[in-house]
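# Coordinate analysis (summary)
Each chain, letter by letter, is given below.
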Amino acid sequence: MEQLRFLLKRKLVVGLMVLFIVFIGLFTTTKLDQELMPPITFDGAMVQVDAGEMTTLDIENTITKPIEQAIQSIDGIKSITSSSSIGSSAFTIQIEEGRGEEVTKNIESTLNGIKTQLPDLRTLTVIPFSTTGSYEFFMDISNGNMNDMTSFAKNTLKPRLESLAEVSKVDLVGLEEKEMVIELRYDKIQEFGIDVNQVISAIQQADQDIAIGVLSDEVNEPTIRWNTSIRSKPDLENIAIATLNGPQKISDFAVVKEKVSDHSTGVWKNGDQDFIFVQISRVPDVTQVAMAKAIRSEIQAIKDEGLVTQFELEEVVAQADYVSDAIEGVSKNVLIGGVLALVFLLLFLRNIRATIIVGLSIPISILLTFTVMWYFDYSFNMLSLIGLGLGIGMMVDASIVILESIFRKKEQGIANIEAVIQGTKEVATAVIASMLTTIVVFVPIGLLGGEAGKFMVILSVVVIITLVSSVVVSFSVIPALCDNFLRISAKKEKHKPEKISFIYGSFVQWMGLKKRNRYSVISLFIIMFVSSLFLVSKIPMTIMPDVFNRYAEVMIQLEPGVTPSERNEIATAISKQLKDVPDVTNTIIMDDISAMYAIINMSKAEEATLDQIEVNELIYSSLRELEDEYPIVNVLSPMGMGGGGVVALELKGAELPELQTLSTEVMEQLAEVEGLTGITASSERFLTEKQVILKGNSIEEDNLIPTQLKQILELWFTALPLGNLITPENEMQRMVLTVDQSITTESQLLGVEWTTPTGTTEQLSKYIDFKTVEIPAEITRVDGERYITVSAEIQGRDLGSVNRDIQNILNDFKAPEGYTISISGDLEAQQEAMMEMIIIVGIALFLVYFVMAVQFNSLTHPLIVMSIIPMTITGVIIGLFVTQFELSIMSGMGIVMLIGIVLNNAILLIDRINQLRKSDVDVNTAVSEAGRTRMRPILMTTLTTVGGMLPLALATGVASSYQAPLAVVVISGLLFATLITLILIPAVYLMFGDFSNAMSKMKNKIRKGKGMDQVNSSVDV
């Protein structure tokens, strides 16, 4: 305590330190970034491949397998799951822990190196799993002429926004892109004997802009350039082609026309495609809030200049608004919690000066916390502010315990400086031990794997920073202020025992009178604990709670081979369904090959008629009604923690037919589970395919090659790409070749007549035939092995209760030898997370025991303190059962945190009992006296912690689903634990004393017995 005596004599040091903390804290507060979620890169990535119209089997063999082999050669890959379907391939890659960013870059560079080896590849995209989205500000341009809106978007909006220092990229979706179509008149090309290759070759040869040579002897050595590049419709029409009837212009046998490309629009707003969707991303060192402010300022400038006319430019979603709402909500809750903590303190001490002292410690501790957060490059986000909110209650615990001890010493009439030193010294060991036990509880959090672990580490670090900051303040600022500023009235100095304290002391004395009294109390608590376990099955469970921000994203999986017209019908139907859902204001649908993504905005919270969880359920149920009428496979959330559907079962085995039979049986049993919807199997969708069989003899006789026949077939079903032309306005247009007739049946195709290179007219049936085969619409593989997935979504129930029902089904399911069925998806993620949480709690308990064993220098006293932990779970169970909040990683985090918090009070009590026992006070008196003197600080720290967390538990808004379950766990557990600490801990301490006495008596009897034996032996001698 010499350091403390020095600080009390040199209060100027404390004052300057406080000024420095205030100054640097206010400075760092302005430097901390503001984000909805911290920028975390997870250990995984996704690869999406678009390969045109290739069949499923071709995709698997020529795209999926080569990419799998390339990825498997990369160091750090744990597993690869792939899905092959018509025209697309998708990969989900799990990476070794801690290597996500490094390995993702290696994947990207490796796949870029093999792009040229993949046939018909259109796009290949590598997407890392991260909390940072590619785009964070969305707008739309609508209610106008598409030409005008396209021109504005490309020539004004995009360049002006990208010129902002805060903006990285502006992406425009739904632009009206035109293409030049050469539509062959089939009767004319038959008449002129024109081959498709002739047309393609003539156009490509005509479209040239090249340097031929240099006139070296001329002045300035001019270059000779050949320029017949195609720049307009007349240029195309006037290209001549040699035919059997002499040269013919393209206009003689084809119609050249400009039309809107089918590939130009893949986005709908409320069912209408006549709008442009604008997506904006930020540069790395700029916050979402700063980017949004800059964009809004520039948009207002554009509107003030009169550039937005005849159409509308509106915001759709701005992540910055959710950031501001979340930070504002959590900040308000933290402020209210701090005020409530001070109110409880004032009610207990009834001393304004004492309340002011503790009140000053809160902002100083918070500013010190901000400084350390800035040093570790943390930001203001939903997780760090929740951690701060949880820490605000515990932040004053150390200050309250030290202040109450000093307050009591002054009540006893001890002089100021001695009261401060004695009061601080009396509780110093308990305060430090309490801080250490709380901190070591969070150490194992780093072992929690997956996405949830990344979040929990950040939350834990913020809580630890808050606690350490508060303890530093409590041992410096609190004693310095208590020396002269804290005064006790003469009335208080007489120090009459309070009625509640007297009644509690009498109860503890009653437990000490007879063994049966204390054993009855212990038995009562055990009965309460066992009874509460029966409520566990009634508590809803999930992995991570949803963020309710009046906004939703939904993924609508489509069957392979859906045509553009069918996609338009589906988008219109989706918009129509969502229009009838209450609180849904507008919907934007984006097409992404195998799926559509719906971005759904809802009415603001103050205007809402339903809770968001109810709106979400109505959205999913209404969209699933479309599955019977449209080629929709499933409707699910794109943000599942475990990948795939919320419920996913993997079936593996040697034979595909047997796997299909098993999947059918599993689906039938899952259909009986309440709350499961959208049950599908990856094997149940098959497509009919007509494979071309070449007639080799006929082809050889007429001197043909197979590629000629392939081009004839492609002409009838696809638009053959011819390259691009540059318009006079310097815009690039796609050129395609089509035919003016359509074929819809096999007989029509085989009956097509065409002129061979020899000039004869033959039907295609002479050279080809067809074979009908059934192919899977989708092929799924894990680490190169095929498997079938049965997936489903949950509606109206929680993940935990559904998990129990499915586990019962799997326990009774008898799979044939060589076939296995296992849980994957969110069910697997939940089970893994729960097992990891159990291990973490076990490690935390050992570390807590270790710290207390060192502090008490005893192996039994830590067991007495830790006896409250199982009983604390009773309060947690009751709290979650009454509120019906979900047991998730966040509430599990609250349980881990609770272990550290509830032990603080028990340590405070046991430490005082041991101090009295060392003063030769008998055990019953020591327990009773310690209970009376420690009851007030225990109740004060409990109620201030509860007061600090109460606003979090009652919160609404963006962050409420994260903070409320955690706060409820801490509040309910802590209130019950306080009762346990004051009643059960004395009973258990006395019980251990009984055991110790019994052991001593037994040893004495043994010693007496040995002594009598020695006496008898002496007599005999």
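Conventions adopted
Residues numbered from 1 in each chain as written. Predicted model: local features only at pLDDT ≥ 70, side-chain atom pairs only at ≥ 80, totals over all residues. Heavy atoms only, no water. Helix = DSSP H or I, 4+ residues; strand = E, 2+ residues; numbered from the N terminus. Buried < 20%, exposed > 50% of the residue type's maximum accessible area, 1.4 Å probe, protein only. Contact = heavy atoms within 4.5 Å. Expected span 1.5 Å × (residues − 1). Axes fitted to C-alpha atoms, helices over the stretch in contact; angles between N-to-C directions. Parallel < 35°, antiparallel > 145°, perpendicular 65-115°, else oblique. Left-handed = near helix turned anticlockwise from the far one by under 90°. Nonpolar A, V, L, I, M, F, W, Y, C, P; charged D, E, K, R; others polar. Patch = residues over 30% accessible without salt bridge, like charges linked within 9 Å, V, L, I, M, F, W, Y side chains within 5 Å. Areas by Shrake-Rupley, 256 points an atom, 1.4 Å probe, with all protein chains shown as cover. Salt bridge = Lys/Arg side-chain N within 4 Å of Asp/Glu carboxyl O. Pairing = 2+ DSSP bridges. Core = buried A, V, L, I, M, F, W, Y, C linked by side-chain atoms within 4.5 Å. 1 Å grid on protein atoms, 1.4 Å probe; cavity = no way out; pocket = protein on both sides within 12 Å on 5 of 7 lines; lining within 4 Å. Points joined across faces, edges and corners; volume = space filled by probe spheres on them. Domains from an automatic or database assignment.

### Points about the overall build of the protein chain
Check the secondary structure of the protein chain and you find 33 helices and 30 strands. Relative to its 1021 residues, the protein chain shows a buried fraction of 51%. A fraction of 79% describes how many contacts in the protein chain between residues 6 or more apart in sequence connect residues 24 or more apart.

### Comments concerning helix α14 (residues 397–411)
With 15 residues, α14 should reach 21 Å at 1.5 Å per residue; the first-to-last C-alpha distance of 21 Å fits that figure. Among the 15 residues that make up α14, 15 are buried, leaving the element largely enclosed by the rest of the structure. Directly beyond the C-terminal end of α14, a positive phi value near 90 degrees is found at Gly413.

### A few points about the packing of α14 against helix α15 (residues 416–442)
Two elements in contact, α14 and α15, have axes separated by 8 Å at closest approach and are oriented at 140 degrees. As far as their axial angle goes, α15 and α14 are oblique. With respect to the hand of their crossing, α14 and α15 are arranged in right-handed fashion. Together, Ala398, Val401, Ile402, Ser405, Ile406, Arg408, Lys409 and Lys410 of α14 and Asn416, Ala419, Val420, Gln422, Gly423, Thr424, Glu426, Val427 and Val431 of α15 make up the contact between the two elements. Its residues assigned to classes, the contact of α14 with α15 shows 8 nonpolar, 5 polar and 4 charged.

### Some details on a nonpolar patch on the surface
On the surface, Ile210, Ile212, Leu215, Ile224 and Trp226 cluster together into a nonpolar patch covering about 460 Å² of accessible area. Listing elements by their share of the nonpolar patch, those giving two or more residues are β8 (209–214) and β9 (223–227). Position of Ile210 relative to the elements: it lies in strand β8.

### As for the sheet that holds strand β14 (residues 275–282)
Reading across from one edge, β6-β14-β5-β15 is the order of the 4 strands in this open sheet, with antiparallel pairing throughout. With partners counted over all chains shown, the strands left at the sheet margins are β6 (167–173) and β15 (312–318), one partner each. Ignoring which end each strand starts from, the neighbouring axes of this sheet average 20 degrees apart. Bridge count for β6 against β14 is 6 bridges, and the pairing is antiparallel. Across the sheet, residue Lys169 finds its bridge partner in β14, namely Ser281.

### As for the nonpolar core
Core analysis: the largest hydrophobic core is formed by 148 residues, its most contacted members being Phe277 and Leu903. The element contributing the most residues to this core is helix α33 (residues 960–1020), with 19 residues. Look past the residues within four positions of Phe277 in its chain and what remains in contact with it is Phe138, Met139, Asp171, Leu172, Val173, Val267, Val316, Ile588, Met590 and Ile599. Listed in part, the 43 residues of the second largest apolar core include Ile699, Leu713, Val752 and Ile768.

### Details of empty space enclosed by the protein
One pass over the full model with this rule turns up 5 cavities of 30 Å³ or more. Looking at the largest cavity, it is lined by 16 residues, and the ones nearest its centre are Asp397, Ala398, Val431, Ser434 and Asn904. Elements that contribute at least two residues to the lining of the largest cavity include exactly α14, α15, α16 (450–474) and α31 (889–918). Element by element, the count of residues in the lining of the largest cavity is highest for α15, at 5 residues. Each of two domains, domain 2 (351–488) and domain 3 (496–547 + 825–1012), supplies a minimum of three residues to the lining of the largest cavity.

### Quick word on the environment of Gln612
Here Gln612 shows up in helix α22 (residues 612–624). Between the C-alpha atoms of Gln612 and Tyr551, which are 61 residues apart in sequence, the distance is 8.5 Å.

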